[in-house]
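Below, each chain spelled out in residue letters.
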Amino acid sequence: MKSLCLAAVCLLSIAAHANNYYFSVQQGDDNRTSAQAQNKATPWKSLAKLNSYFSSLQPGDSVLFNRGETFYGTLFVARSGNPGQPIVIGAYGTGKKPVLSGFTEMLNWTSIGGNKWTSTNAALTDSVNAFTLNNTAFASGRYPNPGTANGGWLTYESHSGNTSITDNQLSNTPNWTGAEVVIRKNRYILNNGRISNHSGNTITYTDNSGGYEATDNYGYFIQNNPATLDIRGEWAYDRINKLITLYLGNGENPNNEIVKAAAIKTVIEIQTQSNLTFTDLAIDGSNENGFDIYQGSNIQLLRCSISNTGLYAIRGGSNNAVLIDNCTINNSYNDGIYFENESGDIVRNSSIKNTGTFAGMGQNGENTYLAVNINGDNTSILNNVIDSSGYNALRFQGNNVTVNNNLVSNFNFIKDDGGGIYTWTGTPALVYTGRKITGNIVLNGIGAGKGTPDSTSVATNGIYVDETAGYLDILNNTVANCRTGIFLHNGNHINLSGNTSYNNVTQLLFHEDHTYSIRNNAITNNILFAKQGWQEVSELLSDADDFNLFGTFDNNYYCRPLNDKYHITTSYQTPDTFFYKLYDLPQWRAQYGFDINSKITGTQIQPYTVVSLNGANKFSNATFTSNISGATTWSPTAVAHINWANNEKLDGGAIKETFDLFGGTDVDAQPAYVILGVGSVDASKQYILRFSLQGTIDLQSLKVYIRKEGDPYNQLVTPQYCNLSSTRTENEFLLSFPETQGNASVILEATRKVGIFYVDNVKFYEATITNTNPDDHIRFEYNASNNTRNVDLGGNQYVDAANNFYSGTLALQPWTSRVLIVTTLAALPVKYGAFTGKLINKTAKLDWTTTAPPEGSYFEVERSLNQSFSKIGTVPSVQNNSSGTYSFTDQSPAPGKNYYRIKEIDKDGTFTYSSVVVVNNTEAAPLTIWPNPATASVFITLPRTMIGRNVVVNLQNASGVTLLRKTVTAAGENIQLDVQSLPAGIYFTRLEAGGQLINASFMKQ
């Protein structure tokens, strides 16, 4: 007991005698004693003095730099604190944070003509990786400039190993020997090499990174040579003569400016030291690192700012418990935070911006141009703002990693094939567990198509789970404005739930390839919302038709309000055949049994309005009344045939496409074309294509496009698709063309897998079209904060994907988002007065008033349960000059909440919606009807009070017409109703047994 008390006294004694050491450039003197340096009035001056004394510091001591001053050099941390008694390096006084800088100021500039100036400085080293003009960072000069053709990239047509590239167009340029070449070797590798020889069209270079060879037809540019300088702020560095050449504008003189170049490798160096706290410091300028931290523990960086670092703001490895809290990182030329082989690190409440924004200024290889890159166990990355990252914004590996409530935006614009939040497990695959990506908001994956063979394509993903990474919870995130919202590449054991993916080219993408399989995933409760009609909702790619093994899918929202035809696409490749299929939600359910309780968008938006059809039908034999003149077919092995079918399908005469049965799967995969000649098309006009279609096999599709007739028979528009099934469909497509063609054809492309099909009523008209602007109908709001955000909805009424209604103010909870579709515009042609709904004797009584509607108008009453509004009745309008009062009674409201709105329709077809009222039918007995929406069958689960009774089942459509009436004996099993032949719409069931009456409804898709 005495020894324990003595130890406690010793610790108190040590804590009581902790010392503060002060540093000031203006007032300091390094010749003072350590006792004097403990007084603010007699501080030391330099980092050199601190380095000489650091090993004498004791746990609990503090080193304090005077605010508003700049200290030049490297701080070498040579002593550790104790747990609970860290050595603190911080600030004192008032004003801005003290600056620890690796910059040296460039002075005594000499003009060499052409707006170029030179300056030397003996402090410079073998490289200059960071450079500022008036405290703004600039990149080394490059040729071609970024704003020129193809984004400033030249193209190499061939290469030799990792040593040379050849550009057949490289001529009339300076000899680039001695400069640097920056080569795009693939989408995610951008390597620098020094040019050892430039001869003709071939550049020979030294690239010490190894690994990746060049890829023909990718891009390159030249940098760090005085001949590249032609934009204000561009510079080049001659490492032999330690000379910087700078380009300025006309009349500018750098001797009147503040010009700085990095001359120090690392500003704060920490090797094998622990229990340290750095607080309220500003680190500015280095050739490599702001902080370099290795083999330490319990190191805290609090409220520090780190800027203009040539490679890394914070780099480290093999540490335990590094905390980065409330720090600001800006303009790291390579990576912001880079840690490997870590444990217990936390990065929170920090801002990491402008990382790797200059092509060619980062390092070679994969893990470059990243804002945050941490490989370690028990890591937390929380509440950070990560903005403007040249490649991946946030990359992690390890066990027990939490990535929570981060705002990630603007990434993948220097390199791509990356993500906003990215994880990978390595090859061979490692199994990491306990990993969570939750509550993040990821926006604006920009992509870097320039410098690739296809400059128009981008490969950028919001959340990217790459190559075998699995055992992840991806929960309640929002991803918007990327190429792919959520990309699971060979992912397994992933719980993907509660996420919103909005306005991405593809909202959710699975890709299975190589030797790894996508298995054991749960995809539930996600909102996948395509803002544009051409965007994909969900896409699955594989090496085989094994989609049924990918996992489970349910309770998702597949939203494509401007083009609600297809929600899921699948494709897979066998040795002989490529299979591509499109599914709407009911077809997807029928094929794989997935998404039984999932839904589509409750409110649809008309993508365009046909103002008028102009001129004659450009396909003259529209109805094929007596022949199929104007139509032909073709397939590579003549397996397809076209005939006139009279009164077999559709309306009298029709095209009938049939297929021979010879050959194997290679023939199955061959395209077959129905070709409908339509003559000339004009790039200045728009066209409407309409046709009737019916097949003999369900769950099929046709590709539809326009092509040029005559070699090279190229497609003139992006292909679109339509359903092909045994049920007749009417199809319409809006088309426009990038160029005028004198002879074009409508192409309906299929394979013989689709079976026999029929085409009729072909119409191809020039049209006057009013296109719908999605922004007039769809609203995206997010809250990237820890407080509730109140959003003013501006007098409009909205519905979200789950059919919840909003008006007035939307209270958006922290780290959530909503995608809203407007249902009632603020300015209405007809003004509605009071609109009320009441439950009276198990019926819903609706009452409303309006201003006098136009002559010939009428009202439709619409109801929504859990999916979309459907008409349930019509009320004629009263034609007078005063307000009208109207009512309607829904005799069979469904159990629970019923949503009602009124649609006033004018004589010319224009319409106006009322607001929405809710009637909660609490008097209905509980009953379950599923699936809802239904496709082929519905099942009714009865309440216990009806078991053992004779139950009369009555099925009605929305107009009240009885379609089925039968009596069943309820023995406890479900009652099944066949609804496959019913048209799409709302249907009502009434069940009567022993005086008990229950109403229910469902939607048929």
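Describing the overall build of the chain
Turning to step 1, where the next piece is worked out: If you tally the helices and strands in the chain, you get five helices and 87 strands.
Turning to step 2, where the next piece is worked out: Looking at the 1005 residues of the chain, the share that counts as buried comes to 54%.
Turning to step 3, where the next piece is worked out: Expressed as a percentage of contacts within the chain between residues at least 6 apart in sequence, the contacts between residues at least 24 apart total 65%.
Turning to step 4, where the next piece is worked out: Surface exposure of the chain reaches about 39,800 Å², of which carbon and sulfur atoms provide 48%.
Turning to step 5, where the next piece is worked out: Mean positive and mean negative side-chain charge positions of the chain (68 and 81 charges, respectively) differ by 7 Å.

A word on unusual backbone geometry
Turning to step 1, where the next piece is worked out: In this structure, the amide linkage connecting Y143 to the following residue, P144, adopts the cis form with an omega of -5 degrees.
Turning to step 2, where the next piece is worked out: Relative to the helices and strands, P144 is located in the loop between strand 12 (142–143) and strand 13 (154–155).
Turning to step 3, where the next piece is worked out: The omega torsion of the bond from D711 to P712 falls at 15 degrees, within 30 degrees of zero and hence cis.
Turning to step 4, where the next piece is worked out: Within the secondary structure, P712 is located in the loop between strand 65 (700–708) and strand 66 (720–724).

Side note on the side chain of R863
Turning to step 1, where the next piece is worked out: In this structure, R863 sits in strand 76 (residues 858–864).
Turning to step 2, where the next piece is worked out: Assessed through its relative accessible area of 2%, R863 is described here as buried.
Turning to step 3, where the next piece is worked out: At 2.6 Å, the side chain of R863 forms a polar contact with the side chain of D890.

Digging into the confidence of the model for the chain
As a note on interpretation, predicted positions should not be read in detail where pLDDT is low.
Turning to step 1, where the next piece is worked out: Summing up the model confidence of the chain, the mean pLDDT is 90 and the portion of residues at 70 or higher is 93%.
Turning to step 2, where the next piece is worked out: Counting contacts from residues 1–16, a segment whose pLDDT is below 50, to residues more than four positions away or on other chains yields four contacts.

Overview of the nonpolar core
Burial of nonpolar side chains together is a common tendency in soluble globular proteins.
Turning to step 1, where the next piece is worked out: Formed by 88 residues in total, the largest nonpolar core has its most connected members in F65, I268, F278, F291 and I314.
Turning to step 2, where the next piece is worked out: Every residue in contact with F291, bar those within four places of it in the chain, is listed here: T266, I268, I270, F278, I283, L301, I306, A313, I314 and R315.
Turning to step 3, where the next piece is worked out: Of all hydrophobic cores here, the second largest spans 44 residues; its members include I628, F691, L702 and V762.

Quick notes on the packing of aromatic side chains
Turning to step 1, where the next piece is worked out: In this structure the tally under the stated criterion is 43 aromatic pairs.
Turning to step 2, where the next piece is worked out: Considering the side-chain rings of Y156 and Y220, the 6.4 Å spacing of their centres and the 55 degrees angle between planes classify their relative orientation as tilted. Taken together, the residues span a long stretch of sequence, with Y156 in the loop between strand 13 and strand 14 (158–160) and Y220 in strand 19 (residues 219–223) at a distance of 64 residues.
Turning to step 3, where the next piece is worked out: Ring centres of F859 and Y886 lie 4.6 Å apart, and the angle between their planes is 55 degrees; on these two criteria the pair is classed as tilted. Residue F859 is located in strand 76, and its partner Y886 is located in strand 78 (residues 884–890); the two are separated by 27 residues in the primary sequence. An identical accessibility class is assigned to F859 and Y886; each is buried.
Turning to step 4, where the next piece is worked out: Taken together, the ring pairs connect F510, F547, F550, F553, Y572, Y583, W588, Y592 and F594 into an aromatic cluster.
Turning to step 5, where the next piece is worked out: The ring of W153 has R142 sitting right over it, with the charged end atom 5.7 Å from the ring centre.

Some thoughts on the pattern of salt bridges
Charged atoms that come close allow side chains of opposite charge to pair.
Turning to step 1, where the next piece is worked out: For the coordinates displayed, the defined rule picks out 27 salt bridges.
Turning to step 2, where the next piece is worked out: A salt bridge links R519 to E512; the shortest N-O distance between them is 3.2 Å.
Turning to step 3, where the next piece is worked out: Using a relative accessible area of 23% as the deciding quantity, one classes R519 as partly exposed.
Turning to step 4, where the next piece is worked out: Across the pair K703 and E749 runs a salt bridge whose closest N-O atoms are separated by 3.8 Å. Of the two residues, K703 sits in strand 65 while E749 sits in strand 68 (residues 741–750), which places them 46 residues apart along the sequence.
Turning to step 5, where the next piece is worked out: Here E749 falls in the buried class, since its relative accessible area comes to 15%.
Turning to step 6, where the next piece is worked out: Each of R184, R187 and D416 takes part in a single network of salt bridges with overlapping partners.

Considerations on the pairing of strand 5 (residues 87–92)
Turning to step 1, where the next piece is worked out: Relative to strand 5, strand 2 (residues 62–66) runs parallel, the two sharing five bridges. Its bridge partner lying in strand 5, S62 is registered against V88.
Turning to step 2, where the next piece is worked out: Relative to strand 24 (residues 274–279), strand 5 runs parallel, the two sharing three bridges. Bridge assignment links V88 to a residue of strand 24, and that residue is T277.

Description of empty space enclosed by the protein
Turning to step 1, where the next piece is worked out: Taken as a whole and assessed by the stated rule, the structure comprises two cavities of 30 Å³ or more.
Turning to step 2, where the next piece is worked out: In this model, the largest cavity occupies a volume close to 50 Å³.
Turning to step 3, where the next piece is worked out: In terms of lining residues, the largest cavity is bounded by S892, N954, Q956, F988, T989, R990 and N999.
Turning to step 4, where the next piece is worked out: Elements with a minimum of two residues in the lining of the largest cavity: strand 83 (950–957) and strand 86 (985–993).
Turning to step 5, where the next piece is worked out: No other element matches the three residues that strand 86 contributes to the lining of the largest cavity.
Turning to step 6, where the next piece is worked out: Looking at the lining of the largest cavity residue by residue, the classes come out as one nonpolar, five polar and one charged.

Some remarks on the sheet that holds strand 78
Backbone hydrogen bonds hold the strands of a sheet together, and the pairing may be parallel or antiparallel.
Turning to step 1, where the next piece is worked out: The three strands are arranged 74-75-78 in an open sheet whose pairing can be described as antiparallel. Strands at the two margins of the open sheet, each flanked by one partner only, are strand 74 (832–840) and strand 78. Taking the axes of each pair of neighbouring strands and ignoring which way they run, one obtains an average angle of 15 degrees across the sheet.
Turning to step 2, where the next piece is worked out: As defined by bridge partners, strand 74 adjoins strand 75 (residues 843–850) across seven bridges and the pair is classed as antiparallel. The partner of Y832 across the bridge, within strand 75, is T850.

A few points about the environment of P719
Turning to step 1, where the next piece is worked out: Its place among the elements puts P719 in the loop between strand 65 and strand 66.
Turning to step 2, where the next piece is worked out: Given a relative accessible area of 24%, P719 falls into the partly exposed group.
Turning to step 3, where the next piece is worked out: Residues P719 and R707, spaced 12 residues apart in sequence, show a C-alpha to C-alpha distance of 9.9 Å.
Turning to step 4, where the next piece is worked out: Apart from the residues lying within four places of it in its own chain, the contact partners of P719 are K703, V704 and Y705.

Describing the sheet that holds strand 66
Turning to step 1, where the next piece is worked out: Read across the sheet, five strands follow the order 60-63-68-65-66 without closing on themselves; strand pairing throughout is antiparallel. Whereas interior strands pair on both sides, the edge strands pair on one side only; in this sheet they are strand 60 (631–634) and strand 66. For this sheet, the mean inter-axis angle between neighbouring strands, taken without regard to orientation, is 30 degrees.
Turning to step 2, where the next piece is worked out: One ladder, built from five bridges, connects strand 65 with strand 66; its direction is antiparallel. Bridging across to strand 66, K703 finds its partner in Y721.

A short note on the environment of D698
Turning to step 1, where the next piece is worked out: With respect to the helices, strands and loops of the structure, D698 is situated in the loop between strand 64 (686–695) and strand 65.
Turning to step 2, where the next piece is worked out: In this structure the C-alpha to C-alpha distance between D698 and K842, which are 144 residues apart in sequence, comes to 41 Å.
Turning to step 3, where the next piece is worked out: For D698, the contacting residues outside a window of four places in its chain are L724, S725, S726 and T727.
Turning to step 4, where the next piece is worked out: Only 2.8 Å separates the side chain of D698 from the side chain of S726, close enough to count as a polar contact.

Remarks on the state of the cysteines
Turning to step 1, where the next piece is worked out: Considering all chains together, one arrives at zero disulfides under this definition.
Turning to step 2, where the next piece is worked out: Here C482 is not disulfide-linked; the sulfur of C559 is the nearest cysteine sulfur, at 18 Å.
Turning to step 3, where the next piece is worked out: Judged by its relative accessible area of 6%, C482 falls in the buried class.

Cut-offs and rules
- Residues numbered from 1 in each chain as written.
- Predicted model: local features only at pLDDT ≥ 70, side-chain atom pairs only at ≥ 80, totals over all residues.
- Heavy atoms only, no water.
- Helix = DSSP H or I, 4+ residues; strand = E, 2+ residues; numbered from the N terminus.
- Buried < 20%, exposed > 50% of the residue type's maximum accessible area, 1.4 Å probe, protein only.
- Contact = heavy atoms within 4.5 Å.
- Areas by Shrake-Rupley, 256 points an atom, 1.4 Å probe, with all protein chains shown as cover.
- Lys, Arg positive; Asp, Glu negative; His and termini not counted.
- Charge placed at Lys NZ, Arg CZ, Asp CG, Glu CD.
- Polar contact = N/O pair within 3.5 Å; in protein donor to acceptor, adjacent residues only side chain to side chain.
- pLDDT = per-residue confidence, 0-100.
- Core = buried A, V, L, I, M, F, W, Y, C linked by side-chain atoms within 4.5 Å.
- Phe/Tyr/Trp six-rings, centres within 6.5 Å; stacked < 30°, edge-to-face > 60°.
- Lys NZ or Arg CZ within 6 Å of the ring centre and 35° of its normal.
- Salt bridge = Lys/Arg side-chain N within 4 Å of Asp/Glu carboxyl O.
- Pairing = 2+ DSSP bridges.
- 1 Å grid on protein atoms, 1.4 Å probe; cavity = no way out; pocket = protein on both sides within 12 Å on 5 of 7 lines; lining within 4 Å.
- Points joined across faces, edges and corners; volume = space filled by probe spheres on them.
- Nonpolar A, V, L, I, M, F, W, Y, C, P; charged D, E, K, R; others polar.
- Axes fitted to C-alpha atoms, helices over the stretch in contact; angles between N-to-C directions.
- Disulfide = S-S within 2.5 Å.

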